[in-house]
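Here is what each chain is made of, one letter per residue.
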Amino acid sequence: MTEFLPRTPMGPGPVTVPSVSWFEFILNDQLLEQHLSQENPDPSPTQLIVQFLQQAEAEITNNLNGNQIKEGNTLGLVTPNSSPVPLQQPVENGEPMEEDRKPESEAKIEEDKVASSITTPIPPQENRKVRALRILALKVAAYLKWDLVTLIRGVPASLMQTLLVELLRITIPAGVEAAKYSVVDLDSVSDEAAFAIQLYHRWCLLAIVRDSFPIRPIKTFMQMPGPADVLMTSMQSEVVIKTLREKSAISVENLQRCLNCGRMIHMPNFASMTLPSEDHADPEFKWNQGDSIHPKEFVCQLSYDLGTFYFYQEAYTQALEMFQKTKEALTQLNVPLYCKIDEGRLNGYSVASSTFVGNNESLSTQAASLYERAEECKRNDYKGFIDILVEDNLKQELSSSYRSDIEDELASREELTHLFIQVSICNVVRGVMEGKAFVSVIADVLEDADTTIMKFILRVLTVALSGASYAQKTNLKYFIWHVTELASKKFIFMLLQSELMKYFTPEEVIELRELENEHIRSRNRSMYDDMTTVASSYPSSRDSSISMANLEHQLMYMYDPDIIHHLVFELISRQGKSPSQVMSLNEKWKVPFEILDILRKLPPSPEQAYAFILVGKACHCMEVKIFERARQLLGIADNVVADMSYMLSKHIRWQILLADHLQYLMNESFGENATLQDLIKKTKTCITTVRLGQDIQPSPDILEHCAAFLLNIRDWDYLFNMENTDSGHIELCRLLSCLCKELPSVKNARKPARDLWEAVVVIFSSNVQHKRLNSGRESAMYRDSQQGILSRDYFSQFLKKIKDPLATSVLVSCLTKLYNIIKDDITVEISSEYLSIWPTVLPNNNAVQVGALEEAVTILIQHAIQVHPTYASLLRTQADIYYAHGQYSAAMKFYMEAGAVASDFFANAVPKGIYDDQMFRKMMKCCSYLQCHTQVAVLCQFLDEIDYTTAFKALQEKTVYDAMDSYYVCIWDISILEYLVHLHSRRGEMDKRQAAMRALAQLDLNSNNPEDIIQRSVQIRKRKFLRALAKQYM
């Protein structure tokens, strides 16, 4: 008889005649031992076990009354006698599985058939041949010393259960079910029965653990008409494993009892079982000839198996305990007979368990957050609170307002004055690290500071610098310089001896030592009471030459107008400095050109230098967003120059207006005692000077903010009437207002849209000039157009000032439409709102500078998303831009963000205006480039008409970097699921095929369901899939 041999690494083996057939072992008692003693027996021991058990089942099936077996049927499994094993029954009326295609109904019927074939008891029809075959299988297992690792690798789970249940039946004739599904009292059973019980439950746990790893299905070799149904065997094994998982607690309890029984166990060997013969219909068992297993060896093996199962359950503490017990017992074994343990795997398990246990312990002892620890300290009268603040300076988990509230609370408690000072110092350091400017409390603290306070300051700074970023380190170094200029010589000495010196350059260390030796301090301590600390926000020119010992350096740091006035007059009147020299002390005093030009024309005087410094410091305060101080300095400057120059005074007042606009643009707040109506009135007054063409005109920067402000508050009627002005910013806002006023009416918006379109096109156009070379041919030269209402740089800057959602969307739409026309590629077309209102062609595409246009589009969309982060249309536009540039991962991120914000994180259906067929196809292409082909197949379902060609092609890809079969539960199209079943069956991927079968068998996908149920099932799967994509890409 021929037999199909297993596939070898070089391909399938030839059809050959085996050296011995299974029935010869029944006829000759000695043949089995001789065969197994060979070096490489063919068939192998595990193959023999499979053949013996399958032939026994075939014999039982043939003896069943009324059961007609067709050629090629898969034979089920039964157990002998009157106690049938529920998981080992034969399949009734089994039909060969159709590999190419199986409809949904047949797939469901097939699963029901497997379940019924496994659970329906059928009376066994045994004879001596059946008993002999099962005894032969047990003898082979005994020859292998009952090595479960070898047996599990070569015998399917369903047949393995049959083998071990047979061992239980012959050792415990009346209690097989009790031994399998209940906790057994080992003292009441024989030694061979105890061995069978522990072997069965060991296999239960090992089978569960092994099933958690991806493995190839075990091939079976049937010597009977027709091939074995490997798929049915695999499905039966899955049901077996499912039952084992449900009863795993019983197996663990039985093994724990075996572990603690401490008795000598007899292991059946090859000679313990004899075959039935003509004289004896029943086999004979000689248990006394079995091998005795020492309790230590028994404990070693059981501990290892329990440890692996605990590790699989993530009970790492119990697993580690078992592995340690295994190691102890293993050192006491000389030549183990039954114990088979891989020491390398044991060490790996042990190390991994130790790591997990260590991590869990550290996590359990770690506080949940700094906030909880801080609250606990408050309840314990602030014990350990300072350590939390020092730690928070680096982690920055506690909010600044929370820390300030603690400081205010401590200020009212006189008994905690020392703690209050420490908290204040910690809060000052935290503010410095964040780059904030604040009124310093350090001067007051250092005035009467003792050694303890100084040491504490150095400690807080040392910890902060040890984990600070580059910018934070820079801020802290400036702060340290500030403290040294306020503190005594003793603090500088302590600083030079501390670890902080490693953060200073050699030149800076030399200057600190000079400060230590100078003993020059300001006599008027009140000068520092209102001094403003400079972290990184206030201007500084810190280098090795700076010292607060002279008036020039003091002037750089002073922001109090009275102090500045005093220092300016001291430098000019007493030290003989000229006003121009005083004005050039700091390069960061940047005064607007209009003001600077007027100041230079004034006669040199201390008031001239004083006004210059006030305006310069105010401009820098506006740069670092300290608007209240800027308005204060500009107000003083206006009073100073009121009698000197009316034009200069007007420009300074416009700078105050600019400070108001900058503050409103940042957070829509106003200055002290100011309202929105006040700001609107001052803005319109400023713009009126341009409209009337007065002699004194505001700067373009101020006009830009005024026009953008009116546009952002939607004062479109006022801007609509601002015709014939010489300001490009006002004209651009007028064009935008005319268009926004007509929207959403597309018909009325076309004319103002064309006017805006023409203005924008001119901005990005270039003039082409032709020049004849010496060779006689012409050369084209491109120059930027000077005819636009704004230059490109001013236009790009102005885009960042617009915050109104409608105006922003209109500009995004205009620029993206222009970009689409220039690119003229429908595959990378950028979508946005209001595309239909713009012209569709350009007179000359080559006249538009594409690079400048792309830069403007990027600047605008990034600003728009920063201002309106939950505007779905803008997010989709940004995704299309990334898609056009080939940045597919970033594109997917913004596609998912657009859908998430438009549907409350996919709790509702995404509007068609956001997720349409065009966008889904772009998402499919992104996933395809990222080699997430299963995601492509699922997305094919989202199209109005499912793209089966793309879906099937994507599923055929073998290099896939996504969750693959985990997405099958998100597929609702029956054709795609059926194709997956066929594909995995053809490839022999049983686990993935089973996942597709489970998805196909869902009740809510039945085509006979009402339409509302089908639609609800589709929405559930869409929501699940989109949330999975969002978790991956966002």
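Only a predicted model underlies this, so the values are computations on that prediction, with no experimental measurement involved.

Focus: helix 40 (residues 888-902)
Here helix 40 is 15 residues long and its end C-alpha atoms lie 21 Å apart, about the 21 Å a rise of 1.5 Å per residue gives. When helix 40 is considered as a whole, its buried residues turn out to be Tyr888, Ala891, Met892, Phe894, Tyr895, Met896, Glu897, Ala898, Gly899 and Ala900. Each element contacted by the buried residues of helix 40 is listed here: helix 38 (850-867), helix 39 (872-884), helix 41 (917-929) and helix 46 (1011-1033). Aspartate 904 sits one or two residues past helix 40 and shows a positive phi near 55°.

Overview of the packing of aromatic side chains
Counted according to the given criterion, the structure contains 27 aromatic pairs. Judged by centre distance (5.2 Å) and plane angle (15°), the rings of phenylalanine 323 and tyrosine 349 are stacked. Taken together, the residues span a long stretch of sequence, with phenylalanine 323 in helix 13 (residues 316-330) and tyrosine 349 in helix 14 (residues 343-365) at a distance of 26 residues. Each member of the pair, phenylalanine 323 as well as tyrosine 349, is classed as buried. Between phenylalanine 952 and tyrosine 979, the aromatic rings sit 4.2 Å apart at their centres with planes inclined by 20°, giving stacked as the arrangement. In this pair, phenylalanine 952 sits in helix 43 (residues 948-955) while tyrosine 979 sits in helix 44 (residues 974-987), placing the two residues 27 residues apart along the sequence. Relative accessible area serves as the criterion here: at 14%, tyrosine 979 is assigned to the buried category. Here the aromatic residues Tyr915, Phe920, Phe942, Tyr967, Trp972 and Phe1025 are joined through ring pairs into a cluster of three or more. The side chain of lysine 139 reaches across the aromatic face of phenylalanine 270, ending 4.0 Å from its centre.

Things to note about the nonpolar core
Ranked by size, the top nonpolar core spans 128 residues in total, and within it Phe764, Leu815 and Met896 carry the most contacts. Considering each element in turn, this core owes the most residues, 11 residues, to helix 37 (residues 805-823). With residues near it in sequence (within four places) discarded, phenylalanine 764 still touches Arg792, Phe795, Leu815, Leu818, Ala847, Val848, Gln849, Ala852, Leu853 and Ala856. If you look at the next biggest cluster of nonpolar residues, it comprises 93 residues, including Val20, Leu159, Ile170 and Ala193.

Digging into the packing of helix 34 (residues 728-742) against helix 35 (residues 746-763)
Look at helix 34 against helix 35: their axes get within 8 Å of each other, and the N-to-C directions meet at 155°. Our classification of the angle between helix 34 and helix 35 gives roughly antiparallel. Crossing handedness for the pair helix 34 and helix 35: left-handed. Here Leu732, Leu735, Leu736, Cys738, Leu739 and Glu742 of helix 34 come into contact with helix 35, specifically with Asn748, Ala749, Pro752, Ala753, Asp755, Leu756 and Ala759.

Rules used throughout
- Every chain is numbered on its own, with residues counted from 1 as its sequence reads.
- Predicted model: local features are reported for residues with pLDDT of at least 70 only, side-chain atom pairs are reported and counted for 80 or more only, and whole-chain, interface and lining totals are derived from all residues.
- Side-chain metrics rest on all non-hydrogen atoms present in the structure, leaving aside hydrogens and water.
- Secondary structure is summarised from DSSP: a helix means a run of H or I of at least four residues, a strand means a run of E of at least two, and numbering begins at the N terminus for each.
- Between the first and last residue of a helix there are one fewer steps than residues, each counted as 1.5 Å, and that sum is the expected span.
- Note on classification: 1.4 Å probe, protein chains only; a residue is buried when its accessible area is under 20% of the maximum for its type, exposed when over 50%, partly exposed between these limits.
- Contacts were defined at the residue level, with two residues in contact if any of their heavy atoms lie within 4.5 Å.
- Note on ring pairs: Phe, Tyr and Trp rings are taken, using the six-membered ring of Trp, and paired if centres are within 6.5 Å. Classes follow the plane angle, with under 30 degrees stacked, over 60 edge-to-face and the rest tilted.
- The rule is short: NZ of Lys or CZ of Arg within 6 Å of the ring centre and within 35 degrees of the ring normal puts a charge over the ring.
- As used here, the term nonpolar core means buried Ala, Val, Leu, Ile, Met, Phe, Trp, Tyr and Cys residues forming a set that is joined through side-chain atoms within 4.5 Å.
- For helices, the fitted axis covers only the stretch in contact; all axes are lines through C-alpha atoms, and the angles between them, taken along N-to-C directions, range from 0 to 180 degrees.
- Angle categories are assigned with fixed cut-offs, so that under 35 degrees is roughly parallel, over 145 is roughly antiparallel, 65 to 115 is roughly perpendicular, and the rest are oblique.
- In this scheme, a crossing is called left-handed if the near helix is turned counterclockwise away from the far one by less than a right angle; it is called right-handed if the turn is clockwise.

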